[in-house]
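# Residue-level structure breakdown
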Amino acid sequence: MSALAEPSRYQSFTPPSYLQDVLPASPARGDTTGVAFSQIHYGGYHFGKISHHNGMPILSEEGRQWISSRTGEEVSFDKFRPVAEQESWLSISDRRLREAPDQSCDLPPREIVQQALEGFRRSCCIKVFPILDPVLFEDTIDLAYEPLLEPLRLDQITARCCVFAFLAIAFMYSGNFIDGPMLDSDTFAAKSHHMLADVLDDSSVVSLQAIFMLVCPCPSRFVLCSKM
Amino acid sequence: MLGGHAYRPIKPSDAYASRKEREDGQLRLLFWLCYIFDKDIALRLNQPPLMSDDYCDLTLPEGYEATKIFVQPHTKTSSPLDESPDKLPLLFPGELRLSTLKDKIARLLYSAQAARKTEAELFHDIRQLDEELDSWRQSLSPEFRPSLSISDPFQTKYPVLTGPTNSMRRIVMHLEYHHLMTTIHRASGRCSVPRPEAAAVEGNVYGGGVQSSIDLTLEASRSTIIFLRTATRGLAGEAFW
């Protein structure tokens, strides 16, 4: 049975008359032409809009007044902001590469990558987040660990970038399979990010995998979807 | 560019596959991963999606619907906690049918074209999308099916012996369902001004269709808050990057 057929216990309301003068009138009944599509409306009143940056609502002054009149409190989203400003991983990337610029392309011992891959293959992540095929990824690892020779090959740079990106997220599913010190995900992410400018020129599955592993939490989906 | 938008079969992980079949299958998996995130981000950020459904083959992976997107115990004696990856179906970080529905919601209710619709057209689409969402909800097994509304924290309790994958998936599906309910019916908010004179006649301040959508939006929002308070204690730490 559709939810529309289910009765609700919600009590209807009537806004106070003074707010009806303050709040902008909604478009006339049946005519929604003048309404922008990212705006938030409630009961015909304009409350604000959806942020294109993070999807959070940004209340208009009218929306704040409406909520304040209902709750008796001043509306403030300040308490939902992070307590401390977190250093973005992009600035971490720049700082770490400035500290050790000559080692930006150095891979860890291959055994570490193999252990991480084994951990991925045995975890449920391979079905929830099927970003790579363990058999095909062996070829990517082989290519990444070939010696870098001049002139540099784009497919080899892409392979290294992909391996770094994989190691950056390996902590999520490979914890029990990797011996030795914990993986420094931020450093691997920084190294992979450093190579992105070149990898973007490579239209391949490996480059797509690398980009996806690096950026999928972020709303920067343009590169992913344009390649697909 | 790579061709993942065209249908390619995805072989089960425990079945033999040639290299070409593996490559084709992996490309199609990457397509679905991109598709899931594209539609989710488009809906949440009110931006147009980058992947157009008209130019993609949206045939679901073979056997996907039969799995009902949750891990099913193979026998009564097998432990649901025994989640060997080879036995798991394709789960993805989202639900593929919900992703196609998200595209419809964004296009029919929140696009530039949708802003030009009359109230009648808008409510027609709201009703159609509501029915599609409920059809999806009904397709799930009863033990995993999201509740229409949650008013009691005890409704969030769940049989323990189902494994961490199912627990996470159940939480996510509940939150997705209520989020989409809110998003669908929130679109009615742009329509009508309150009509105090109608309250005495109809018993509510708005027209029947608008009032119903407002009620459903608020109920879904309350359900989300109640659910977040209790069920998310079971969230795995790896869910957050």
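The structure contained in this document is the topic of the report that follows.

What counts as what
- Residues numbered from 1 in each chain as written.
- Chains lettered and ligands numbered in written order.
- Predicted model: local features only at pLDDT ≥ 70, side-chain atom pairs only at ≥ 80, totals over all residues.
- Heavy atoms only, no water.
- Helix = DSSP H or I, 4+ residues; strand = E, 2+ residues; numbered from the N terminus.
- Buried < 20%, exposed > 50% of the residue type's maximum accessible area, 1.4 Å probe, protein only.
- Contact = heavy atoms within 4.5 Å.
- Areas by Shrake-Rupley, 256 points an atom, 1.4 Å probe, with all protein chains shown as cover.
- Axes fitted to C-alpha atoms, helices over the stretch in contact; angles between N-to-C directions.
- Parallel < 35°, antiparallel > 145°, perpendicular 65-115°, else oblique.
- Left-handed = near helix turned anticlockwise from the far one by under 90°.
- Nonpolar A, V, L, I, M, F, W, Y, C, P; charged D, E, K, R; others polar.
- Salt bridge = Lys/Arg side-chain N within 4 Å of Asp/Glu carboxyl O.
- Expected span 1.5 Å × (residues − 1).
- Pairing = 2+ DSSP bridges.
- Core = buried A, V, L, I, M, F, W, Y, C linked by side-chain atoms within 4.5 Å.
- Phe/Tyr/Trp six-rings, centres within 6.5 Å; stacked < 30°, edge-to-face > 60°.
- Lys NZ or Arg CZ within 6 Å of the ring centre and 35° of its normal.

Let us now look at the overall build of chain A. Counting its secondary structure elements, chain A contains ten helices and three strands. When the helices and strands of chain A are listed from N to C terminus, the series reads α-β-β-β-α-α-α-α-α-α-α-α-α. In chain A, which comprises 228 residues, the share counted as buried stands at 45%. Expressed as a percentage of contacts within chain A between residues at least 6 apart in sequence, the contacts between residues at least 24 apart total 59%. Carbon and sulfur atoms make up 55% of the accessible area of chain A, which totals about 12100 Å².

Right, let's talk about the packing of helix H4 (residues 110-122) of chain A against helix H7 (residues 154-168) of chain A for a bit. Residue and element names in this part refer to chain A. One way to put it is that H4 packs onto H7 with a least axis distance of 10 Å and a crossing angle of 60°. Comparing their axes, H7 and H4 come out oblique. For the pair H4 and H7, the crossing hand works out as left-handed. Taken together, the residues of H7 that come into contact with H4 (itself represented by Ile112, Val113, Ala116, Leu117 and Phe120) are Val163, Phe166 and Leu167. The residue makeup of the contact of H4 with H7, split by class, is eight nonpolar, no polar and no charged.

In this section: the pattern of salt bridges. Tallied over the entire structure, the rule returns 21 salt bridges over all chains. With its nearest N and O atoms 3.0 Å apart, the salt bridge here joins A:Arg153 to A:Asp155. Here B:Asp53 and B:Lys39 are joined by a salt bridge, their closest N and O atoms 3.1 Å apart. Of the two residues, B:Asp53 is situated in the loop between helix H1 (19-45) and helix H2 (64-67) and B:Lys39 in helix H1; the sequence distance between them amounts to 14 residues. In this structure B:Asp53 comes out as buried when scored by relative accessible area, which is 18%. Three or more residues are tied together by salt bridges with common partners; here these are B:Lys39, B:Asp53, B:Asp103 and B:Arg107.

Helix length check: helix H4 (residues 119-139) of chain B (21 residues) gives 30 Å between terminal C-alpha atoms against 30 Å at 1.5 Å per residue, within 8%. Of all the positions in H4(B), only B:Glu119, B:Leu122, B:Phe123, B:Asp125, B:Ile126, B:Leu129, B:Asp130, B:Leu133, B:Asp134, B:Trp136 and B:Arg137 are classed as buried.

As a further point, take H4(A). Residues and elements named next belong to chain A. When the terminal C-alpha atoms of H4 are compared, their 19 Å separation across 13 residues agrees well with the 18 Å that a helix rising 1.5 Å per residue should span. Along H4, the residues that are buried comprise Ile112, Val113, Gln115, Ala116, Leu117, Gly119 and Phe120. Residues of H4 that are buried sit in contact with helix H5 (125-128), helix H6 (134-144) and H7.

With that out of the way, let us pick up the side chain of B:Glu176. Along the polypeptide, B:Glu176 turns up in helix H5 (residues 163-186). With near-sequence residues (within four places) excluded, B:Glu176 lies in contact with B:Asp40, B:Arg44, B:Leu98 and B:Lys102.

Let us look at the sheet that holds strand E3 (residues 57-59) of chain A. Residues and elements named next belong to chain A. One open sheet accounts for three strands, arranged E1-E2-E3; its pairing is antiparallel. Edge strands, defined here as strands with exactly one partner in the open sheet, are strand E1 (39-42) and E3. Each adjacent strand pair in this sheet contributes to an overall mean axis angle of 40°, direction not counted. In the sheet, strand E2 (residues 45-50) pairs with E3 via three bridges, with the strands oriented antiparallel. Across the sheet, Ile50 pairs through a bridge with Pro57, a residue of E3. Helix-sheet contacts for helix H2 (residues 61-71) involve E1, E2 and E3, and the interaxial angle to E2 is about 115°.

So, about the nonpolar core. The biggest cluster of nonpolar side chains holds 56 residues, and the ones touching the most others in it are A:Ile131, A:Leu132, A:Phe137, A:Val163, A:Phe166, A:Met213 and B:Phe92. Elements represented by at least two residues in this core include exactly H4, H6, H7, helix H8 (185-199) and helix H9 (205-215) of chain A together with H1 of chain B. Looking at this core, the element that brings in the most residues is H7(A), giving ten residues. Ignoring anything within four residues of it in the chain, the contact list for B:Phe92 reads A:Lys127, A:Val128, A:Pro130, B:Leu29, B:Trp32, B:Leu33, B:Ile36, B:Pro61, B:Tyr64 and B:Arg169. Counting residues in each nonpolar core, the second largest holds 34 residues, with A:Trp66, B:Leu140, B:Met173 and B:Ile184 among its members.

This part covers the pairing of E2(A). Pairing of E1(A) with E2(A), which is carried by four bridges, proceeds in the antiparallel orientation. Bridged to A:Gln39 within E2(A) is A:Lys49.

One pass over the structure, following the stated rule, counts nine aromatic pairs over all chains. With 6.2 Å between their ring centres and 55° between their planes, B:Tyr64 and B:Phe92 make a pair best called tilted. Here B:Tyr64, found in helix H2, pairs with B:Phe92, found in the loop between H2 and helix H3 (96-109); they are 28 residues apart in sequence, far enough to count as distant. In this structure, B:Tyr64 and B:Phe92 share a single accessibility class: buried. These aromatic residues form a ring-pair network of at least three members: A:Phe120, A:Phe137 and A:Phe166. Stacked on the ring of A:Trp66, the Lys or Arg A:Arg70 has its end atom at 4.7 Å from the ring centre.

Keep in mind that these numbers describe shape and distance, not what the molecule does.
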